[in-house]
Amino acid sequence: MASDSWAQALTRLYDKAAQSLLNKLIRSNLVNTTNQVEVLQRDPTSPLYSVKSFEELRLKPQLLQGVYAMGFNRPSKIQETALPMMLAEPPQNLIAQSQSGTGKTAAFVLAMLSHVDPENKWPQCMCVSPTYELALQTGKVIEQMGKFYPEVQLVYAIRGNKLERGTKLQEQIVIGTPGTVLDWCQKLKFIDPRKIKVFVLDEADVMIATQGHQDQSIRIQRMLPKTCQMLLFSATFEDTVWNFAKRIVPDPNIIKLKREEETLDTIKQYYVICNSKEEKFQALCNIYGAITIAQAMIFCHTRKTAGWLAGELSREGHQVALLSGEMQVEQRAAVIERFRDGKEKVLVTTNVCARGIDVEQVSVVINFDLPVDKDGNPDNETYLHRIGRTGRFGKRGLAINMVDSRFSMNILDRIQEHFSKFIKTKQMNNMRCETRAHFFSVCFHPPSFT
Ligand SMILES: Nc1ncnc2c1ncn2[C@@H]1O[C@H](COP(=O)(O)OP(=O)(O)OP(=O)(O)O)[C@@H](O)[C@H]1O
């Protein structure tokens, strides 16, 4: 971290925060998962509670009404275990990790709303998010879930929200970014941190992408009373997140949702040989009819190639979407949303902007360019990440790799070696039949005789 320039740190924060925001903007559903929850409890003798319904949590009626009004019928996997711990008396500290879209935000929002005493007109719950936009998104969930509980009020501690000096906040929930929250507690004294009962640190993995945010969060935490409940959430759980979490959350319960094993077994992989970029384009046109039976993502190495390819495909009369790094987050969200809704069947993109974004229904991935790192070596992780989009949740997927040189053949060989997986070659004509056959089998789910 110390060797990082500010620009690098900012870019990393922006990328992670943008991915997270994009996922929130485009997601209309809970990510369905059958994964197991792993619980490491602080007190091994205490029983492990788990609930299968929201009723069992004995929520305030106004909150139960809010939960149902949001269309939630039953708790998600992470909520089943996290909610009883968060709502327990005395309060328990928690570090929870589960992939994006599995219901973490809804869980801690419900916990905050449950712990508030609406009679007390001062901040009692505080939630810190890494960016202004992410704080606004969480605020929206609080507003939605608390819709039938109007006595509880929310205030945003974010840049641009200027309050008069000497103000004492009356709202019970504060949501904001670390810098502003710290100022409001320490310098401006709008908030008395000693009266905070619940402290939530959201998106810890995004937060630690900048050193400044880590320090500010730790400084806020130090002002809080010992009895304050500390809750930390993260979509990933690398060592850096873990080290940060341990500094913020004493004696934690820990919940992890095991990620679905990333496997290539349900994905058919092929490669086709072409001699140039133009030939690859022609090859793509040949199978275009077949791939648009379902939805496809085409990955290019650079923005320039992606732009060129999308342009050429459009000129051929194909309707394609282009997701490109120079677009604003909102523009990107709009493109992905259209794709998710099936308005376009094909999305042309680069790694950079597609990484970490969940679009579930893709059944074919085309590597127009094979993934290589900056030194020109195969980027196996990205390969897995790209093609892994097709075989999600046990569905069958198809990956087509386009090889246009000795260099790219060598990359493909090394990828095969890495995954110990033999990738078959296909002639273009056969590829068309194969692709069609694949889609008919995926789309029409024939009974499995085999
Ligand atoms: N129990 C539930 N039943 C149905 N939908 C739910 C439930 N809990 C959350 N959702 C919905 O699922 C989506 C994802 O939930 P949420 O934002 O809480 O996930 P998250 O894990 O916090 O994601 P991220 O890491 O991106 O912040 C939201 O649209 C939310 O309204």
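Being a predicted model, the structure only gives us computed values, none of them experimental. (Residues numbered from 1 in each chain as written. Predicted model: local features only at pLDDT ≥ 70, side-chain atom pairs only at ≥ 80, totals over all residues. Heavy atoms only, no water.)

### A short note on the sheet that holds strand β9 (residues 267-273)
Point 1. The strand order β11-β12-β10-β13-β14-β9-β15 describes an open sheet built from seven strands, whose pairing is parallel. A single partner strand is all that each edge strand has here, and the edge strands are β11 (320-323) and β15 (424-425).
Point 2. Where β11 meets strand β12 (residues 346-350), four bridges bridge the pair, whose relative direction is parallel. Within β12, the position partnered with Val 320 by the bridge is Val 346. (Pairing = 2+ DSSP bridges. Helix = DSSP H or I, 4+ residues; strand = E, 2+ residues; numbered from the N terminus.)

### Looking at the pairing of β9
Put simply, side chains in a regular strand alternate between the two faces of the sheet.
Point 1. Of all seven residues in β9, five are buried; the element is thus mostly enclosed.
Point 2. Sheet analysis places β9 next to strand β14 (residues 397-403), joined by seven bridges and oriented parallel. Note on β14: the bridge partner recorded for Val 272 is Met 402. (Buried < 20%, exposed > 50% of the residue type's maximum accessible area, 1.4 Å probe, protein only.)

### Some thoughts on the site of the ligand
Point 1. Around the ligand there are 19 residues in total, and Lys 24, Arg 74, Gln 79, Gly 101 and Thr 105 lie nearest to it.
Point 2. In the environment of the ligand, an oxygen atom lies 3.1 Å from a nitrogen or oxygen atom belonging to the backbone of Thr 102.
Point 3. With respect to the ligand, the backbone of Gly 103 contributes an N or O atom lying 3.0 Å from an oxygen atom.
Point 4. Expressed as a share of its isolated accessible area of 630 Å², the protein-covered part of the ligand is 85%.
Point 5. When residues of the shell around the ligand are assigned to their parent elements, the largest contribution, three residues, is made by helix α4 (residues 104-115).
Point 6. Of the residues belonging to the shell around the ligand, the class tally is five nonpolar, nine polar and five charged. (Near = heavy atom within 4 Å. Polar contact = N/O pair within 3.5 Å; in protein donor to acceptor, adjacent residues only side chain to side chain. Areas by Shrake-Rupley, 256 points an atom, 1.4 Å probe, with all protein chains shown as cover. Nonpolar A, V, L, I, M, F, W, Y, C, P; charged D, E, K, R; others polar.)

### Description of the packing of helix α6 (residues 178-186) against helix α8 (residues 211-223)
Point 1. α8 packs onto α6 with a crossing angle of 35 degrees between their chain directions and a minimal axis gap of 9 Å. For the crossing formed where α6 meets α8, the hand is left-handed. Packed against α6, whose contacting residues are Pro 178, Gly 179, Val 181, Leu 182, Cys 185 and Gln 186, the element α8 presents His 213, Gln 216, Ser 217, Arg 219, Ile 220 and Met 223 at the interface.
Point 2. Split by residue class, the contact of α6 with α8 holds six nonpolar, five polar and one charged. (Axes fitted to C-alpha atoms, helices over the stretch in contact; angles between N-to-C directions. Left-handed = near helix turned anticlockwise from the far one by under 90°. Contact = heavy atoms within 4.5 Å.)

### Remarks on the UniProt feature "domain: Helicase ATP-binding" (unreviewed entry) in the protein chain
Point 1. Here, the residues flagged by UniProt with the feature "domain: Helicase ATP-binding" (unreviewed entry) are residues 85-255.
Point 2. As annotated, residues 85-255 has a helix share of 38% and a strand share of 17%, and its two end C-alpha atoms lie 10 Å apart. (UniProt positions renumbered as here; feature names shortened; annotations may be inferred.)

### Things to note about the packing of helix α3 (residues 77-87) against α4
Point 1. At their nearest, the axes of α3 and α4 sit 10 Å apart, and the two run at 20 degrees to each other. Taken together, α3 and α4 sit at an angle that is classed as roughly parallel. With respect to the hand of their crossing, α3 and α4 are arranged in right-handed fashion. In this structure, α3 contributes Ile 78, Gln 79, Leu 83, Met 86 and Leu 87 to the contact, and α4 contributes Lys 104, Ala 106, Ala 107, Phe 108, Leu 110, Ala 111, Ser 114 and His 115.
Point 2. When its residues are assigned to classes, the contact of α3 with α4 shows nine nonpolar, three polar and one charged. (Parallel < 35°, antiparallel > 145°, perpendicular 65-115°, else oblique.)

### What about the nonpolar core?
Point 1. Formed by 42 residues in total, the largest nonpolar core has its most connected members in Leu 59, Met 86, Leu 94, Met 112 and Ile 173.
Point 2. Other than its neighbours up to four places away in sequence, Ile 173 contacts Met 112, Leu 113, Val 116, Cys 125, Ile 142, Val 152, Gln 153, Leu 154 and Val 155. (Core = buried A, V, L, I, M, F, W, Y, C linked by side-chain atoms within 4.5 Å.)

### What to know about the pattern of salt bridges
Pairing between side chains of opposite charge can happen when the charged atoms of each approach one another.
Point 1. According to the stated counting rule, one finds eleven salt bridges in the structure shown.
Point 2. Here Arg 74 and Glu 80 are joined by a salt bridge, their closest N and O atoms 2.5 Å apart.
Point 3. A residue is classified by how much of its surface remains accessible, and Arg 74, at 46% relative accessible area, is partly exposed.
Point 4. The class of Glu 80 is buried, set by a relative accessible area of 6%.
Point 5. Note that Lys 187 and Asp 183 form a salt bridge whose closest N and O atoms lie 4.0 Å from each other.
Point 6. A relative accessible area of 61% places Lys 187 in the exposed class.
Point 7. What emerges from the salt-bridge pattern is a single network uniting Lys 52, Arg 74 and Glu 80. (Salt bridge = Lys/Arg side-chain N within 4 Å of Asp/Glu carboxyl O.)

### A word on α4
Point 1. Spanning twelve residues, α4 covers 17 Å between terminal C-alpha atoms, matching the ideal 16 Å at 1.5 Å per step.
Point 2. Among the twelve residues that make up α4, twelve are buried, leaving the element largely enclosed by the rest of the structure.
Point 3. Within α4, burial applies to Lys 104, Thr 105, Ala 106, Ala 107, Phe 108, Val 109, Leu 110, Ala 111, Met 112, Leu 113, Ser 114 and His 115. (Expected span 1.5 Å × (residues − 1).)

### Observations regarding the side chain of Asn 93
Point 1. With respect to the helices and strands, the residue Asn 93 is situated in the loop between α3 and β2 (94-97).
Point 2. In this structure the side chain of Asn 93 is engaged in a polar contact, spanning 2.9 Å, whose partner is the backbone oxygen of Pro 250.

### Here's the deal with the confidence of the model for the protein chain
Point 1. Summary statistics for the protein chain give a mean pLDDT of 84 and a share of 83% for residues scoring 70 or more.
Point 2. Looking at the elements of the protein chain, mean pLDDT is at its lowest for helix α16 (residues 428-444), recorded as 57, and at its highest for strand β3 (residues 125-128), recorded as 98.
Point 3. As a predicted assembly, this complex carries a pTM of 0.76 together with an ipTM value of 0.97. (pLDDT = per-residue confidence, 0-100.)

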